[in-house]
Amino acid sequence: VCCRDFSISLPQKIEALSGSCVIINCRFEIKGTHDRDLTESAATGVWLKDGTRAVNDQVFNSKGPKPKFSGKITGKLHEKNCTTIFYNVSSNHTGYYHFRIESGNLKYTYTQAFSTINVIGSSHKPTVQLYVEQKEVQDQEEVLEGSSVSLRCSAETLCSSPPPTLTWSSTPRIPLSESSRLQELISDLNFTATHRQHKVTFTCTITYQLQDENKTAQNSITLHVQYSPKNTSVSVIPSSSVLEGSSVTLICSSDANTAVLNCTWSRESEGQLEQLETGDTLTFNRTDRKHRGWYHCTAQNQHGSQNSSVMLDIQ
């Protein structure tokens, strides 16, 4: 007790959104000889801006009739808690702040440390992160279909009343979970990746409800999903029913990511399956009756394969 001295703990840098509020988390210590002076009824908290002169630099006094800055000391000064909130923040609040305690014979300005407040006109973008199977993925690497995906949006709460909100776009039928910490707001989208989400952009928006207006900022991420061939089909030019001796071309098409590596053709005739050539097209320059039958196309990439069939009729 005999060795206690004046000291203070407060954040070095604080960002505040114009039109909102700002909180300075603050605790102080005094010499043991002043313990009797610090009482609940007498304790007065003073904030000095851009200087340490007790009168000329004063912008807030917890017992002053009309402080320059509207605010309130939310901490209990007699318990050495000087946490303070300033309301209706504007560019005038930008600067550095020293705390001063006054209580009976105790009068002391803490010049050894100060908080710098920087007032910004618009909020920062929220941070959007991609997690696959609970591991963070950098650089928007591609996600394999069927993987467990989580998109996390996080942002500083700063100081506003009511608190800011996070909202997602492009979220049909995707469950949403939210959590809020003291200085951070978090919103998670959790789902299983499908090919329908390939190249879908998810946008997270933070909204601050201020007195004069709402201020928003947003950030986006585009999902890239790898999947096996989908919607495989065979088209026939000119048609699937042609005259003998004419030309006909079968075209195999498929939607896949990564791209289809190969298309393999086979023909079913009289119960027998005959392997034909590989390629996305199959052409017969001069047809005859032996070309009649079911033709199967198998589209394949590194993630799987899918079949499609067509009946070719030779008249």
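Residues numbered from 1 in each chain as written. Predicted model: local features only at pLDDT ≥ 70, side-chain atom pairs only at ≥ 80, totals over all residues. Heavy atoms only, no water.

Here, UniProt's "domain: Ig-like" (unreviewed entry) annotation points to residues 126-222 and 229-313. Secondary structure across residues 229-313 divides into 0% helix and 69% strand, with the first and last C-alpha atoms of the span separated by 27 Å. (UniProt positions renumbered as here; feature names shortened; annotations may be inferred. Helix = DSSP H or I, 4+ residues; strand = E, 2+ residues; numbered from the N terminus.)

It is worth spelling out the packing of aromatic side chains at this point. Evaluated as defined, the whole model comprises 13 aromatic pairs. Judged by centre distance (5.8 Å) and plane angle (70°), the ring pair of F60 and F86 falls under edge-to-face. One end of the pair, F60, is in strand β6 (residues 58-61); the other, F86, is in strand β8 (residues 84-86), with 26 residues separating them in the sequence. Comparing F60 with F86, the two get one shared label, buried. Ring centres 5.7 Å apart and planes at 20° place the aromatic pair F191 and F202 in the stacked group. Residue F191 is found in strand β18 (residues 184-192), and its partner F202 is found in strand β19 (residues 201-209); the two are separated by eleven residues along the sequence. Taken together, the aromatic side chains of F6, F28, W47, F99, Y108 and Y110 make up a single cluster linked through ring pairs. (Phe/Tyr/Trp six-rings, centres within 6.5 Å; stacked < 30°, edge-to-face > 60°. Buried < 20%, exposed > 50% of the residue type's maximum accessible area, 1.4 Å probe, protein only.)

Through backbone hydrogen bonds, the strands of a sheet pair up, either in parallel or in antiparallel fashion. The four strands lie next to each other as β14-β21-β23-β26, forming an open sheet whose pairing is mixed. Whereas interior strands pair on both sides, the edge strands pair on one side only; in this sheet they are β14 (143-144) and β26 (281-284). Across two bridges, β14 lies against strand β21 (residues 225-237) in parallel orientation. Across the sheet, residue V143 finds its bridge partner in β21, namely V225. (Pairing = 2+ DSSP bridges.)

Bringing the nonpolar core into the picture now. Residues F28, W47 and F99 are the most contacted members of the largest nonpolar core, which totals 28 residues. Those elements that provide at least two residues to this core are β2 (13-17), β3 (22-24), β6, β9 (95-103) and β11 (115-120). With three residues, β9 is the largest single contributor of residues to this core. Leave out the neighbours within four places in its chain, and F28 touches S7, I8, L38, L77, K80, N81, C82, F99, I101 and Y110. Core analysis: the next-biggest nonpolar cluster, separate from the first, contains 27 residues, I120, V128, W168 and Y208 among them. (Core = buried A, V, L, I, M, F, W, Y, C linked by side-chain atoms within 4.5 Å. Contact = heavy atoms within 4.5 Å.)

Turning our attention to the side chain of N301. Mapped onto the elements of the fold, N301 is located in strand β27 (residues 293-301). A residue is classified by how much of its surface remains accessible, and N301, at 3% relative accessible area, is buried. Here H303 takes part through its backbone nitrogen, which lies 2.9 Å from a polar atom of the side chain of N301. If near-sequence neighbours (up to four positions away) are discounted, N301 is found in contact with Y227, S228, P229, A256, N257, T258, A259, V260 and L261. (Polar contact = N/O pair within 3.5 Å; in protein donor to acceptor, adjacent residues only side chain to side chain.)

Turning next to the state of the cysteines. Here is the idea: a disulfide is a covalent bond, and it sits between the sulfur atoms of two cysteines. In the structure shown here, the tally under the stated rule is four disulfides. Each sulfur of the disulfide joining C21 and C159 lies 2.0 Å from the other. An S-S torsion of about -100° defines the bridge between C21 and C159 as left-handed. A residue pair is termed long-range when its members are at least 10 positions apart, and C21 in the loop between β2 and β3 and C159 in the loop between β15 (148-156) and β16 (165-168) qualify at 138 residues. Note on accessibility: C21 and C159 belong to one class, buried. For C252, the disulfide goes to C297, at an S-S distance of 1.8 Å. Every disulfide takes its handedness from the sign of the S-S torsion; for C252 and C297 that torsion is -75°, giving left-handed. Highlighted residues: C252 in strand β23 (residues 248-257) and C297 in strand β27, separated in sequence by 45 residues. (Disulfide = S-S within 2.5 Å.)

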